[in-house]
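# Structural features, examined
Okay, here's what each chain looks like letter by letter:
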Amino acid sequence: MNISQKATLRTIDKLNDHYCVHCLLKEYHRKQYNKNYAHYYCIKKCTVGIEIKRLGNILQ
């Protein structure tokens, strides 16, 4: 793993820790719908989730 990949992983971790860990929308969607819908919402509709997905694609 090179330095750029490590920096990308740190950025993903920071975004996840700061925004996603205690996300009220994620909790709401899990309770009202299900875990799969909450995951779909995070990846497709949430701006933070979209950014995390974009950074993850860079790692591939």
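Look a little higher up for the structure.
These notes cover the structure that comes with them. (Residues numbered from 1 in each chain as written. Predicted model: local features only at pLDDT ≥ 70, side-chain atom pairs only at ≥ 80, totals over all residues. Heavy atoms only, no water.)

## A closer look at helix α3 (residues 35–44)
Along an α-helix, a turn takes 3.6 residues, which lines up residues three or four apart on a common side. Quick note on the threshold: A simple rule labels every residue: compare its accessible area, found with a 1.4 Å probe on the protein chains alone, to the largest value its type can have, and call it buried under 20%, exposed over 50%, or partly exposed in between. By definition, any uninterrupted DSSP run of H or I lasting at least four residues is a helix, any uninterrupted run of E lasting at least two residues is a strand, and each is numbered from the N terminus. Arc, as used here, means the arc of the directions from the helix axis to the C-beta atoms. We call two residues contacting when some pair of their heavy atoms lies within 4.5 Å. Pairs of N or O atoms within 3.5 Å make up the polar contacts considered here, provided that, within protein, one atom can donate a hydrogen while the other can accept it, and that residues adjacent in sequence are counted only when both atoms are side-chain atoms.
When α3 is considered as a whole, its buried residues turn out to be Ala38, Tyr41 and Cys42. An end-on view of α3 places all buried positions within 95 degrees of arc, on one side of the element. Of the exposed residues in α3, those oriented more than 90 degrees away from the buried face are Asn36 and His39. Turning to α3, the residues buried within the fold contact α2 (24–32) and α4 (47–59). Capping the start of α3 is the job of one residue whose side-chain oxygen sits 3.1 Å from the backbone nitrogen of Asn36: Asn34.

## Points about the packing of α3 against α4
Here is the rule we go by: An axis is simply a line fitted to the C-alpha atoms; with a helix, the fit covers only the stretch in contact. Between two such axes, the angle follows the N-to-C directions and lies from 0 to 180 degrees. To sort the angles, those under 35 degrees are grouped as roughly parallel, those over 145 as roughly antiparallel, those from 65 to 115 as roughly perpendicular, and the leftovers as oblique. The residue classification treats Ala, Val, Leu, Ile, Met, Phe, Trp, Tyr, Cys and Pro as nonpolar and Asp, Glu, Lys and Arg as charged. All others, Gly included, are polar.
At a closest axis distance of 5 Å, the pairing of α3 and α4 adopts a crossing angle of 75 degrees. On the basis of their axis angle, the class for α3 and α4 is roughly perpendicular. Here α3 contributes Cys42, Ile43 and Lys44 to the contact with α4, which in turn contributes Gly49, Ile50 and Lys53. Its residues assigned to classes, the contact of α3 with α4 shows three nonpolar, one polar and two charged.

The analysis is restricted to geometry; functional conclusions fall outside its scope.
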